[in-house]
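The lines below spell out each chain.
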Amino acid sequence: MTLLLDNRQRAMLAEMGVRTDFLPATPLDVPAAVEPAEVAPMKVQKVETRPEAATPQAPSIALAQPLAGLASTAVSELGWEALEQSVRACQACGLCKTRKNTVFGVGAPAAGPGLAPHADWLIVGEAPGENEDLQGEPFVGQAGRLLDNMLKAMGLSRRAQGAPQDSVYILNVLKCRPPGNRNPQPEELLQCAPFLERQVALLQPKIIVAMGRFAVQSLLKDSVPQVESIPLGKLRGQIYNYRGIPVVVTYHPAYLLRSLAEKAKAWADLCLALGRARRPQD
Ligand code: URA
């Protein structure tokens, strides 16, 4: 499989620390979809934390007990618009007291009145930060700029209006900002989980890219035993499955801003995702 790189994409890749100058002005090879068995074991990488995170230990989602919040059965039946309203009105955890805005998601426009967007790519981040809380849109700060550049390097955009294969939808596991950008707490992740589940069910993307450990834990907790205790670097390089949709694991853009050496690995993860997304339907 090949990826045609134009000058802009080359510039984006350069910003990500990926050299393309030695390549001819012709296609760059993208690895074909890699099945788990073909993936060489990876070295353990440092696990990223949210920039301001002080908690040394990743909270385990599995430890959380469901609170008497939203009934997930109700959420699982909502349409896209009702779901968005339900997020806006949500008071299932304490984050509703400090948020300025809920952050539902952004990307491809609705496929029709009341319908979910039609996008092949779903990017799942962790939680809104200060800028996202103010603007009500995910990934609008520095990490968001890097994410947009990563998407551009793949020929994708959150603003794409056209074909689903170029379109992206971006959302977070948590819809409200944890104060001071602290790590999401287990009970907050648990209360928000039905929203993520319903968004994915309605969007039906071709591929999900899980960015950072909270996104990874949320999406893989039912399919990877003890996922919360596995370093993200060890989870990379395989294609997982969330409710029938392939999932690729990668580093969070905020972590990449602080760990430049890992940008090339993130690009490898995106190439894995590209290969899987472009594979003919099974
Ligand atoms: N980090 C995230 O995970 N999501 C955002 O929306 C912003 C920063």
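Analysis parameters
- Residues numbered from 1 in each chain as written.
- Predicted model: local features only at pLDDT ≥ 70, side-chain atom pairs only at ≥ 80, totals over all residues.
- Heavy atoms only, no water.
- Near = heavy atom within 4 Å.
- Polar contact = N/O pair within 3.5 Å; in protein donor to acceptor, adjacent residues only side chain to side chain.
- Areas by Shrake-Rupley, 256 points an atom, 1.4 Å probe, with all protein chains shown as cover.
- Disulfide = S-S within 2.5 Å.
- Buried < 20%, exposed > 50% of the residue type's maximum accessible area, 1.4 Å probe, protein only.
- Pairing = 2+ DSSP bridges.
- Helix = DSSP H or I, 4+ residues; strand = E, 2+ residues; numbered from the N terminus.
- Contact = heavy atoms within 4.5 Å.
- Axes fitted to C-alpha atoms, helices over the stretch in contact; angles between N-to-C directions.
- Parallel < 35°, antiparallel > 145°, perpendicular 65-115°, else oblique.
- Left-handed = near helix turned anticlockwise from the far one by under 90°.
- Nonpolar A, V, L, I, M, F, W, Y, C, P; charged D, E, K, R; others polar.
- Phe/Tyr/Trp six-rings, centres within 6.5 Å; stacked < 30°, edge-to-face > 60°.
- Core = buried A, V, L, I, M, F, W, Y, C linked by side-chain atoms within 4.5 Å.
- Salt bridge = Lys/Arg side-chain N within 4 Å of Asp/Glu carboxyl O.

Asker: In this structure, what is going on with the site of the ligand? I would like to understand it.
Answerer: The environment of the ligand is made up of Gly125, Glu126, Ala127, Glu132, Pro138, Phe139, Asn172 and His252. Contact distances for the ligand include 2.7 Å between an oxygen atom and a backbone N or O atom of Glu126. Here a nitrogen atom of the ligand sits 3.1 Å away from a polar atom, N or O, in the main chain of Ala127. A total of 240 Å² of accessible area belongs to the ligand in isolation, and the protein chains cover 93% of it.

Asker: Where do I start with the state of the cysteines in this structure?
Answerer: By definition, a disulfide links the sulfur atoms of two cysteines through a covalent bond. Inspection of every chain in the model, using the stated rule, returns zero disulfides. For Cys90, which is in no disulfide, the shortest distance to another cysteine sulfur is to Cys192 and amounts to 6.2 Å. Note on Cys192: no disulfide assigned, nearest cysteine sulfur contributed by Cys176 at a separation of 6.2 Å. Take Cys192: its relative accessible area is 10%, and that puts it in the buried class.

Asker: Just to check I follow, could you spell out the sheet that holds strand β7 (residues 239-242) for this structure?
Answerer: Strand-to-strand pairing in sheets goes through backbone hydrogen bonds, with the strands running parallel or antiparallel. Ordered in space as β3-β5-β4-β6-β8-β7, the six strands form an open sheet in which the pairing is mixed. In this open sheet, the two strands that pair with only one neighbour each are β3 (106-107) and β7. As defined by bridge partners, strand β4 (residues 121-125) adjoins strand β6 (residues 207-211) across four bridges and the pair is classed as parallel. By the bridge assignment for β6, Leu122 is matched with Ile208. Across the face of the sheet, helix α11 (residues 263-277) comes into contact with β4, β6, β7 and β8 (245-250) while running at roughly 170 degrees to β8.

Asker: Explanation requested: the packing of helix α3 (residues 80-89) against helix α7 (residues 186-203) in the structure shown.
Answerer: For any two helices packed against each other, one specifies the inter-axial angle together with the distance between the axes. Packing of α3 against α7 leaves a shortest axis separation of 11 Å and a crossing angle of 160 degrees. In terms of axis orientation, α3 runs roughly antiparallel to α7. Crossing hand, α3 versus α7: left-handed. Here Trp80, Leu83, Ser86 and Val87 of α3 come into contact with α7, specifically with Phe195, Arg198, Gln199, Leu202 and Leu203. When grouped by side-chain class, the residues that make up the contact of α3 with α7 number six nonpolar, two polar and one charged.

Asker: Would you mind going over the packing of aromatic side chains with me for this structure?
Answerer: Any two aromatic rings considered together are summarised by their centre-to-centre distance and by the angle between their planes. All told, the structure shown has three aromatic pairs when counted by the stated rule. Ring centres 5.0 Å apart and planes at 70 degrees place the aromatic pair Trp80 and Phe104 in the edge-to-face group. Residue Trp80 is found in helix α3, and its partner Phe104 is found in the loop between α4 (95-98) and β3; the two are separated by 24 residues along the sequence. Look at Trp80 and you get buried, because its relative accessible area is 7%. Residue class for Phe104 comes out buried when judged on its relative accessible area of 5%. With a centroid separation of 5.1 Å and 35 degrees between ring planes, the pair formed by Tyr251 and Tyr255 is classed as tilted. The class of Tyr255 is buried, set by a relative accessible area of 2%.

Asker: Just checking my understanding: could you explain the environment of Gly129 for this structure?
Answerer: Here Gly129 is to be found in the loop between β4 and α5 (130-135). Note on Gly129: relative accessible area 9%, which makes it buried. Placed 47 residues apart in sequence, Gly129 and Cys176 show a C-alpha to C-alpha distance of 8.6 Å. Gly129 has contacts with Arg177 and Asn181, leaving out every residue within four places of it along the chain.

Asker: Which parts of the structure should I look at to understand the nonpolar core?
Answerer: Where a protein is soluble and globular, its nonpolar side chains tend to be buried together. Ranked by size, the top nonpolar core spans 75 residues in total, and within it Trp121, Val124, Ile208, Leu219 and Leu220 carry the most contacts. Take this core: its biggest share by element is eight residues, from α11.

Asker: Sorry if this is basic, but what is going on with the pattern of salt bridges here?
Answerer: Any two side chains of opposite charge can pair if their charged atoms end up close together. For the coordinates displayed, the defined rule picks out eight salt bridges. Among the ionic pairs, Arg158 bridges to Asp148, the shortest N-O distance being 2.9 Å. Highlighted residues: Arg158 in the loop between α6 (142-153) and β5 (168-172) and Asp148 in helix α6, separated in sequence by 10 residues. Taking relative accessible area as the criterion, Arg158 reaches 4% and is therefore assigned buried. Where Arg182 meets Glu188, a salt bridge forms, and the shortest distance between an N and an O atom there is 2.6 Å. Three or more residues joined by partner-sharing salt bridges are found here, namely Glu137, Asp148, Arg158 and Arg159.

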